[in-house]
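Chain and residue survey
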Amino acid sequence: MPFRLLKFALSKEHPEPRMFQSRDRLKSSYDAVIIGGGGHGLAAAYYLSRDYDMSNIAVIEKGYIGSGNTGRNTTIIRSNYLTPEGVKFYDESVRLWQDLSQDFDLNLFYSTRGHFTLAHTDSALRTMRWRAEVNKHFGIDSEVVSPDDIQSACPPMNLACGGHAPVLGALYHAPGSIARHDAVAWGYGRGADQRGVEIHQQTEVLGITVQSGRVTGVDTNRGHVSTPKVLCAVAGFTPRILDMVGLRSPLYIHPLQALVSEPMKPWLDPIIVSGSLHVYVSQTARGELVMGASLDPYELHSTRSTFDFAEGLAAHMLELFPFLSHVKIVRQWAGLADMTPDFAPIMGKTPIEGFYLDSGWGTWGFKATPVAGKTMAHTVACDRNHDLIQEFSLSRFKDYQLVGEKGAASVGH
Ligand code: PYC
C-alpha cells in the first residue's frame, strides 16, 4: 500500500470534502425543484447555481444519484448527427464535455478515441455520406472512409463479417469519445452542492400541485414543498410524472441492455458501431469491452437483463471480432430509453406554467448531459426556451414539425 494512502487512512482528519452534504429534511419552499438526480438533473442544478445565481434548489432523487440511465449507458459521446438541429446541439455538448474534468477538478476519464459507424450496404453508405455532408457544413469533423482505412485503425476487425455483411465503408468521426459515466453525476452533484443546491436522495415524488395552470409545489414521501418551477429530468419515468400534471406525450419506453467483458490488454482504440449488426463497442481504460446492441423490441418499464440479449450481442460481436470467442462477460444491465417518434428529445417549456421537460433521450441521453443541463438551466431561469432547443419542444407533435433524427441512431430499433 502506498505510504500516502496508509497515512491518510490512519489520520483522524480527512481534509478532502465529502462529495455532497446529506440533508436531514426538505425545506418548505424552493425557487426550483428538479425531479431526477441523474446527469441531466444535476447538470441543470449546477448551471442554474453557477450561471444564474439560483441555488435555492432541491434535486429530488428516488434512488441514489446516477442510479438511472446515467450509470447504465455505454458512455459514447459524439456529435455526428443527421439533422442541423441535432448537429448543433450535440456539437455544443462535445465542447462542454472537453472541459468538464477541469471544471469539476475531477477526472472523468474523458478519452477521445475516434468513432466509426460501419456501413454494410449501399443504402447505409448513402446515409453516411449525407451525415458527413451535414456534419462538415457545421464544422464537425466527419468523413466517409474506406475499408482499408477502417482496417488500419482496427487491425483485428474481420471486415468480411462471415461473408454475409461485409463492411463497405464507414462514417469516421474523430471527436468521438468515452467518459466514466457515474463520475459525471458526482462532478455535477458536487459542483451544485458546493453552490448551495440541496440533493435529496431516497426521496420520491408522489404528486405535483398545479393551480390555475401553474405549478405551485411537489408532494414527496418526505413531505410537501412549495415551488414555482419544476424541472422533470427522469428519462424512463417521464410518463409517470407527466400524468401528475395531466400532460400527454408520444413517449414510449423500451429497455436498452448493455454488458461488459472481463478486462483485457488494450487492443481496441476507436469506438466501433454497426447498426446493421446491432453492435457498438469500446474499450475502457481498465481494459473491459463495453458493448450494447438494439433496444428490447417491446415496451417494458423494467431494467432486468436477459440471456437472449447477451447471446445475440455475442454472436454479432464474434462476426466482427472472431478472436474474442473465449472472452467472458462479467456484468450485464439495462436502462430505460424514453423514445420519441422522431428520435429527437422533448425539451423546454410546457403548457403548464413553471413545468419544464428534459426528456425523450431515447438512446443518446448520456452524450447530451452537459448541453441538456446548460440549455435547461437557461430555460428554467429565464422562462424562455434556449435557442438550441427551440425545435425540441413538446408542441412539435401537435404542429407536426418533427425533427427526423432516426438516421443518426447507432442502436437498432
Ligand atoms: O447513439 O452513440 C449512440 C449510442 C451508443 C449506444 C447507445 N447510443
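The following paragraphs examine the structure supplied in this document. (Residues numbered from 1 in each chain as written. Predicted model: local features only at pLDDT ≥ 70, side-chain atom pairs only at ≥ 80, totals over all residues. Heavy atoms only, no water.)

A few words on the side chain of Ser 274. Considering the arrangement of structural elements, one finds Ser 274 in strand 15 (residues 271-274). Under the relative-accessibility criterion, Ser 274 is labelled buried at 0%. Not counting residues up to four positions away in its chain, the partners in contact with Ser 274 are Leu 118, His 120, Val 279 and Leu 320. (Helix = DSSP H or I, 4+ residues; strand = E, 2+ residues; numbered from the N terminus. Buried < 20%, exposed > 50% of the residue type's maximum accessible area, 1.4 Å probe, protein only. Contact = heavy atoms within 4.5 Å.)

Counted according to the given criterion, the structure contains 16 aromatic pairs. The interplanar angle of 85 degrees and the centroid separation of 5.5 Å between the aromatic rings of Tyr 46 and Phe 104 together place this pair among those described as edge-to-face. Taken as a pair, Tyr 46 in helix 2 (residues 39-51) and Phe 104 in helix 3 (residues 84-104) lie far apart in primary sequence, 58 residues in all. An identical accessibility class is assigned to Tyr 46 and Phe 104; each is buried. On the basis of an interplanar angle of 75 degrees and a centroid distance of 5.2 Å, the ring pair of Tyr 46 and Tyr 188 is categorised as edge-to-face. Placement of Tyr 46 in helix 2 and of Tyr 188 in helix 6 (residues 181-194) is noted, with a sequence separation of 142 residues between them. Across the ring face of Phe 237, the terminal group of Lys 62 is positioned such that the distance to the ring centre comes to 4.0 Å. (Phe/Tyr/Trp six-rings, centres within 6.5 Å; stacked < 30°, edge-to-face > 60°. Lys NZ or Arg CZ within 6 Å of the ring centre and 35° of its normal.)

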